[in-house]
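# A closer look at the structure
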Amino acid sequence: MASGSGNKGDFRRKWDKDEYEQLAQKRLTEEREKKDGKPAPPVKRELLRHRDYKVDLESKLGKTIVITKTTPQSEMGGYYCNVCDCVVKDSINFLDHINGKKHQRNLGMSMRVERSSLDQVKKRFEVNKKKLEEKQKEYDFEERMKELREEEEKAKAYKKEKQKEKKRKAEEDLNFEEDDEMAAVMGFSGFGSSKKSH
């Protein structure tokens, strides 16, 4: 295979190109025989569809978990994807992973979406229109007016309470000033302070 050169100063290996060419050809023929000369058929994946379940992002929120070396990966901190057998550390990356190419491939779906026909679009519009009409029926005008009146009454009561509080504070200040005047008439300049207010 490799042979040394005749020169003593030349330390480079010399490769027998014909021998390696034969080995490469032999390997290629063996690979073709295994495949029977046919390329592998492409994997048929179904079209992308929406989830029929709600993604659980809040079940572990605010909980403390003790993690040891023997803790299984599915119970480690973060969000565990049982399809791909991986842990993602935060909710945004978990959603990115779930909607990503690798996860969809593991579910057996391609990233192609089914084209909607005109009839399907019309049906969807009708369904949405019915939902809107139902919401409008649920909206009761009298009930809403009653709620608004209650809110206004609460706001008025709050304002009255604030005004009463201001009056009380003003009266207390006035009484305190009268006490200061009385103390000055009696010869007291103040209690406990040596500073002059004038």
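All figures in this text were calculated on a predicted structure; none of them were measured in a lab.

## Overview of the overall build of the chain
Secondary structure summary: the chain contains five helices and six strands in total. In the chain, the order of α-helices and β-strands from amino to carboxyl end is β-β-α-β-β-β-α-α-β-α-α. Taken across its 198 residues, the chain has 8% of its residues classed as buried. At a minimum sequence separation of 6, the contacts of the chain that also span at least 24 residues come to 31%. Only carbon and sulfur atoms are counted for the fraction: they give 52% of the accessible area of the chain, which is about 19,500 Å².

## Quick notes on the UniProt feature "domain: U1-type" (unreviewed entry) in the chain
The residues that UniProt annotates with the feature "domain: U1-type" (unreviewed entry) are residues 76-110. Taken as a whole, residues 76-110 contains 40% helix and 23% strand, while its terminal C-alpha atoms sit 30 Å from one another.

## Re the nonpolar core
Residues Val55, Tyr79, Cys81, Cys84, Cys86, Val88, Phe94 and Ile98 constitute the largest nonpolar core, which totals eight residues. Mapped onto this core, the elements with two or more residues apiece are strand E4 (79-81), strand E5 (86-88) and helix H2 (91-98). For Ile98, the contacting residues outside a window of four places in its chain are Arg51, Val55, His103 and Gln104.

## Notes on a nonpolar patch on the surface
A contiguous nonpolar patch, built from Trp15, Tyr20 and Leu23 and spanning about 300 Å² of accessible area, is present on the exposed surface. Tracing the backbone shows Tyr20 in helix H1 (residues 17-35). For Tyr20, a relative accessible area of 33% corresponds to the partly exposed category.

## Focus on H2
Those residues of H2 that fall on the buried side of the exposure criterion are Phe94, His97 and Ile98. Buried residues of H2, viewed axially, fall in a sector of 95°; they line one side. Exposed positions of H2 whose direction lies more than 90 degrees from the buried face are Ile92 and Asp96.

About the thresholds
Starting from 1, residues in each chain are numbered consecutively following that chain's sequence as written. pLDDT decides what is reported in this predicted model: residues at 70 or higher carry local features, side-chain atom pairs at 80 or more are listed and counted, and totals for whole chains, interfaces and linings draw on all residues regardless. As a convention, hydrogens and water are excluded, and side-chain values are obtained from all of the structure's heavy atoms. Helix numbering and strand numbering both begin at the N terminus, where a helix is a DSSP run of H or I of at least 4 residues and a strand a DSSP run of E of at least 2. In this scheme, a residue with accessible area under 20% of its type's maximum is buried, one over 50% is exposed, and one in between is partly exposed, where area comes from a 1.4 Å probe on protein chains only. For this analysis, residues touch if any pair of their heavy atoms sits within 4.5 Å. Here the open area of atoms and residues is found with the Shrake-Rupley method and a 1.4 Å probe, where only the protein chains shown may cover a residue. UniProt positions are given in the numbering used here, feature names are shortened, and annotations may be inferred rather than shown by experiment. Put simply, a nonpolar core is a bunch of buried Ala, Val, Leu, Ile, Met, Phe, Trp, Tyr and Cys residues held in one set by side-chain atoms that sit within 4.5 Å of each other. Patch definition: residues with relative accessible area over 30% and no salt bridge; like charges joined within 9 Å; nonpolar side chains (Val, Leu, Ile, Met, Phe, Trp, Tyr) joined within 5 Å. Salt-bridge detection follows one rule: a side-chain nitrogen of Lys or Arg within 4 Å of a carboxyl oxygen of Asp or Glu. Starting at the helix axis, one direction is taken to each C-beta atom, and the arc is that of these directions.

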